[in-house]
Amino acid sequence: MTQAENEKYNVLIVEDDKEIRDGIEIFLKSQNYNVYKAADGIEGLAVIEAHEIHLAIVDIMMPRMDGYALAKELRSAANNVPILMVTARQSANDKREGFLSGTDDYMVKPVDEEEMMLRISA
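Please read all numbers here as calculations on a predicted model, not as lab measurements. (Residues numbered from 1 in each chain as written. Predicted model: local features only at pLDDT ≥ 70, side-chain atom pairs only at ≥ 80, totals over all residues. Heavy atoms only, no water.)

**Student:** Please clarify how the pattern of salt bridges should be interpreted in this entry.
**Tutor:** Pairs can form between side chains of opposite charge whenever their charged atoms are close. A complete count under the given rule lists 11 salt bridges for this structure. The closest approach of N and O atoms between aspartate 104 and arginine 75, which form a salt bridge, is 2.8 Å. Taken as a pair, aspartate 104 in the loop between helix 5 (92–101) and strand 5 (105–108) and arginine 75 in helix 4 (residues 67–76) lie far apart in primary sequence, 29 residues in all. Residue aspartate 105 pairs with arginine 119 through a salt bridge whose shortest N-O separation is 2.5 Å. Taken together, the positions of aspartate 105 in strand 5 and arginine 119 in helix 6 (residues 113–121) put the pair 14 residues apart, joining distant regions of the chain. Taking the relative accessible area as the measure of exposure, aspartate 105 reaches 23% and is therefore partly exposed. Ionic contacts of the salt-bridge type, sharing partners, join the residues Lys18, Asp22, Glu25, Lys29 and Lys37 into one network. (Salt bridge = Lys/Arg side-chain N within 4 Å of Asp/Glu carboxyl O. Helix = DSSP H or I, 4+ residues; strand = E, 2+ residues; numbered from the N terminus. Buried < 20%, exposed > 50% of the residue type's maximum accessible area, 1.4 Å probe, protein only.)

What follows is the structure, given as structure tokens:
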């Protein structure tokens, strides 16, 4: 996929840490993705309801609504937007809960940008 083709794709970053959220945004925009941002799951749901989102990059540990709850909410509403969880939580139980909540892929922070691009492209 070329960078020009990426402009067609809307990616939502749901992350409560502003520096991480902004860093992922800068990287994705450098790859020509359209980027939306939310600080927690509740804001993320609002963005998904208002825009056509092709991929959600979601943290787990957030205030108000965490990433697990966001994934469960989307799946229970039959929303099949792909979800890539990007989190510091790395135990087998955390990953298990992520996949059982409806996550499509799971990455542990700190994130390698090249690996993230491979997962997004997939």
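Still to come is the rest of the account.
**Student:** What is the right way to read the layout of surface pockets from this model?
**Tutor:** Once rolled over the atoms, a probe with the size of a water molecule shows which space is left empty. Within this model, the largest pocket holds a volume of roughly 250 Å³. Lining of the largest pocket is provided by 15 residues; of these, Leu55, Pro82, Arg119, Ile120 and Ala122 occupy positions nearest its centre. Of all the elements in the fold, those that place two or more residues in the lining of the largest pocket are strand 4 (83–87) and helix 6. When the residues that make up the lining of the largest pocket are grouped by side-chain class, the tally is 10 nonpolar, two polar and three charged. (1 Å grid on protein atoms, 1.4 Å probe; cavity = no way out; pocket = protein on both sides within 12 Å on 5 of 7 lines; lining within 4 Å. Points joined across faces, edges and corners; volume = space filled by probe spheres on them. Nonpolar A, V, L, I, M, F, W, Y, C, P; charged D, E, K, R; others polar.)

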